[in-house]
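# A structural walkthrough
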There are 2 protein chains.
Amino acid sequence: RIESPGEEERLLEGMTGFMAPPVSPLSTLLSAPRDMKTRMELLILGTQAEVCRALQEADGGAEFTVHRWQREEGGGGISCVLQDGNVFEKAGVNVSVVYGYLSEESIQQMKSRGKSLKTKDGKLPFCAMGVSSVIHPKNPHIPTIHFNYRYFEIEDTEGNKQWWFGGGTDLTPTYLNEEDAVHFHKTLKEACDKHGPELYFKFKKWCDEYFFIKHRGERRGLGGIFFDDLDSPSKEEVFEFVQSCAKAIVPCYIPIVEKHRNDSFTPEEKLWQQLRRGRYVEFNLVYDRGTKFGLATPGSRIESILMSLPLTARWEYMHIPPKNSKEAEILEVLRHPVDWVH
Amino acid sequence: RIESPGEEERLLEGMTGFMAPPVSPLSTLLSAPRDMKTRMELLILGTQAEVCRALQEADGGAEFTVHRWQREEGGGGISCVLQDGNVFEKAGVNVSVVYGYLSEESIQQMKSRGKSLKTKDGKLPFCAMGVSSVIHPKNPHIPTIHFNYRYFEIEDTEGNKQWWFGGGTDLTPTYLNEEDAVHFHKTLKEACDKHGPELYFKFKKWCDEYFFIKHRGERRGLGGIFFDDLDSPSKEEVFEFVQSCAKAIVPCYIPIVEKHRNDSFTPEEKLWQQLRRGRYVEFNLVYDRGTKFGLATPGSRIESILMSLPLTARWEYMHIPPKNSKEAEILEVLRHPVDWVH
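The following paragraphs examine the structure supplied in this document. (Residues numbered from 1 in each chain as written. Chains lettered and ligands numbered in written order. Predicted model: local features only at pLDDT ≥ 70, side-chain atom pairs only at ≥ 80, totals over all residues. Heavy atoms only, no water.)

### Some details on the sheet that holds strand E1 (residues 65-70) of chain A
Residues and elements named next belong to chain A. Strand order in the open sheet made by the 7 strands is E1-E2-E3-E4-E5-E6-E9, with antiparallel pairing throughout. A strand with exactly one partner marks an edge of an open sheet, and here the two such strands are E1 and strand E9 (223-230). Going across the sheet, the axis of each strand differs from the next one's by a mean of 5°, ignoring polarity. Two elements, strand E6 (residues 161-172) and E9, share 6 bridges in a ladder whose sense is antiparallel. If you follow Gly-167 over to E9, its bridge partner there is Phe-227. Contacts from helix H5 (residues 178-193) reach strand E5 (144-155), E6 and E9 within the one sheet, and its direction differs from that of E9 by about 35°. (Pairing = 2+ DSSP bridges. Helix = DSSP H or I, 4+ residues; strand = E, 2+ residues; numbered from the N terminus. Axes fitted to C-alpha atoms, helices over the stretch in contact; angles between N-to-C directions. Contact = heavy atoms within 4.5 Å.)

What follows is the structure, encoded as structure tokens:
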């Protein structure tokens, strides 16, 4: 049931720029335009389109190929991938809207995070949706960026609904450029500050803790923000915060891409990039919660989940950069996170 | 206490070819020459030396660099790595002899495999030793080989000792060569047959089940043999079986290397090899029990554990080989394991 003709028009207009039609049937979206599931699906589709267009323009060569896929168990997604461009080696921006029942493994994992979940016959219906992206550029002076914004709803046997948002944006350079790090973190801070003065600092810390490659004693990159299980102060306010974060992606990243797109680089710098890509793979396959959730969810689309892996990566035995080298410099900040906004 | 002067002489003589002095102090080994820990340490060091020499000779260029390392918590290892040779891109043959207390994570993992372990204050002293190796050649017509033979001892609070052996040898080609697959499996079968007519078939099946990349629906390679928790019929008999398997490594593999070392290959074949290396990384980081045990064991040597990763690997989005191609041919047998000995 449409609340007013104006509402329907506004909804349809917002969709014109999307990379593909929404995952949910139009009738579902139109019948509940104010439901958070509808609003979040539109936000993630809009974010996907905005980021893809900005990347495509920055690349000036390759275009995104778009796959719209259905999930047998319920829902589906839209995967946009650009491979072998002028600037980007592999860029994926993925939307998924998944309905189904949580796997026993995922229930256990959520309980271990403190969720109280009442199941009946071990079954728990859920809806999970999000936009998720990893952008690996060719030039080792342009950093890799990752972002992910997601919304979760669970309904237990007594009909109680639980919901939460999660997400974040973080930067993984091959070499340290302090100016870039400051720009990235300050832009994120501005987005957070509108919603609370403590948010950036809280989620920056969480990010440094989350993207930790324990067996290496290193973080994956220079961090950014990360949050999960966010369900206060209110659904409306958390959504607005997530919206601000999503809008900050392009201004966080594209200026850095433009600044370095014509930087020259040596084969040695390319090699160090490849070794860092190896660490990226280690984090994603060994620790990343989203990857683990994806691999454990029956019927999930593996190609979309593993889109985050770089085109190429390298592992050398006992590669230790010399002291005072540029390679040692970045390792230092990966081992000891820095406050970039003061 | 040396049982006889002849025994000591024999022991010392056996050590002359090793890549480095044993991990355990000589006095420990000499004082208990018939203890299984001594015998197994000598077997794995001997296997390491035999395989390294055979690979070095086949490579005809690079030599193994040897690192002998100590583990603060007890024990240590000898890591032999050959990088960027004529034939081999990255070849690691690793021995470790580790004493300590099992981590809670490892205890849980072993219990889930059906071990009954009585702990006191959650602590469980153990000794684990093994030889472990992954050989990645440059030429895509020479397959990757992996082997691992290990011995475990646990002593619970009541002084009861549990022990078991584990191990296996398996082959991961980029392209299918049936003659190679038959040679490899028949050589393994001969080694197994001396100890029981059912062993090869049992451990071949186990291997196909173990090296399964669940999220891809593919096995990592063409299999071989794999076994774990082997503690019957007797310590002596299992040791002799493991010894036969270890002796079969060189005859399993080196003839295949020699046969293909001068095969020409195209850039497309090299590319397919890189994609298969990506799958190798996926298995090792997501599923491999040894890697997980290593990453979860405090003070373990990460460089030795992750030595198994290839020098380079590649992930392409939605790479699907054309029907009836050589690439599709190998995927077919990775999806549906073949009986190679009949």
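### Looking at unusual backbone geometry
All names here are of chain A. In this structure, Pro-233 follows Ser-232 across a cis peptide bond, with omega equal to 10°. Within the fold, Pro-233 resides in the loop between E9 and helix H7 (235-247). Phi at Asp-229 takes a positive value of approximately 55°, unusual for a residue other than glycine. Inspection of the secondary structure puts Asp-229 in strand E9. Residue Asp-229 is classed as partly exposed on the basis of its relative accessible area of 21%. Within the chain, Asn-324 stands out as a residue other than glycine whose phi angle is a positive 65°. Judged by its relative accessible area of 81%, Asn-324 falls in the exposed class. (Buried < 20%, exposed > 50% of the residue type's maximum accessible area, 1.4 Å probe, protein only.)

### Describing the environment of B:Leu42
All names here are of chain B. Within the secondary structure, Leu-42 sits in helix H3 (residues 36-59). Sequence separation of Leu-42 and Arg-277 is 235 residues, and the distance between their C-alpha atoms is 32 Å. Those residues in contact with Leu-42, other than ones at most four positions away along the chain, are Leu-11, Met-15 and Phe-18.

### Some points on the layout of surface pockets
Estimated volume of the largest pocket: approximately 1200 Å³. As for the largest pocket, its lining consists of 42 residues, and the residues nearest its centre are A:Val286, A:Lys292, B:Glu105, B:Val286 and B:Lys292. Listed by contribution, the elements that provide at least two residues to the lining of the largest pocket are helix H4 (104-112), helix H9 (267-286) and helix H10 (289-296) of chain A together with helix H4 (104-112), helix H8 (267-286) and helix H9 (289-296) of chain B. Of the residues belonging to the lining of the largest pocket, the class tally is 16 nonpolar, 18 polar and 8 charged. Counted as a void, the second largest pocket has a volume near 550 Å³. Along the wall of the second largest pocket there are 21 residues; nearest its centre are B:Arg10, B:Arg39, B:Leu42, B:Leu43 and B:Gln243. Every element with two or more residues in the lining of the second largest pocket is listed here: helix H1 (5-15), H3 and helix H7 (235-260) of chain B. A total of 8 residues in the lining of the second largest pocket trace back to one element, the largest contributor, which is H3(B). (1 Å grid on protein atoms, 1.4 Å probe; cavity = no way out; pocket = protein on both sides within 12 Å on 5 of 7 lines; lining within 4 Å. Points joined across faces, edges and corners; volume = space filled by probe spheres on them. Nonpolar A, V, L, I, M, F, W, Y, C, P; charged D, E, K, R; others polar.)

Nothing here speaks to function; it is geometry throughout.
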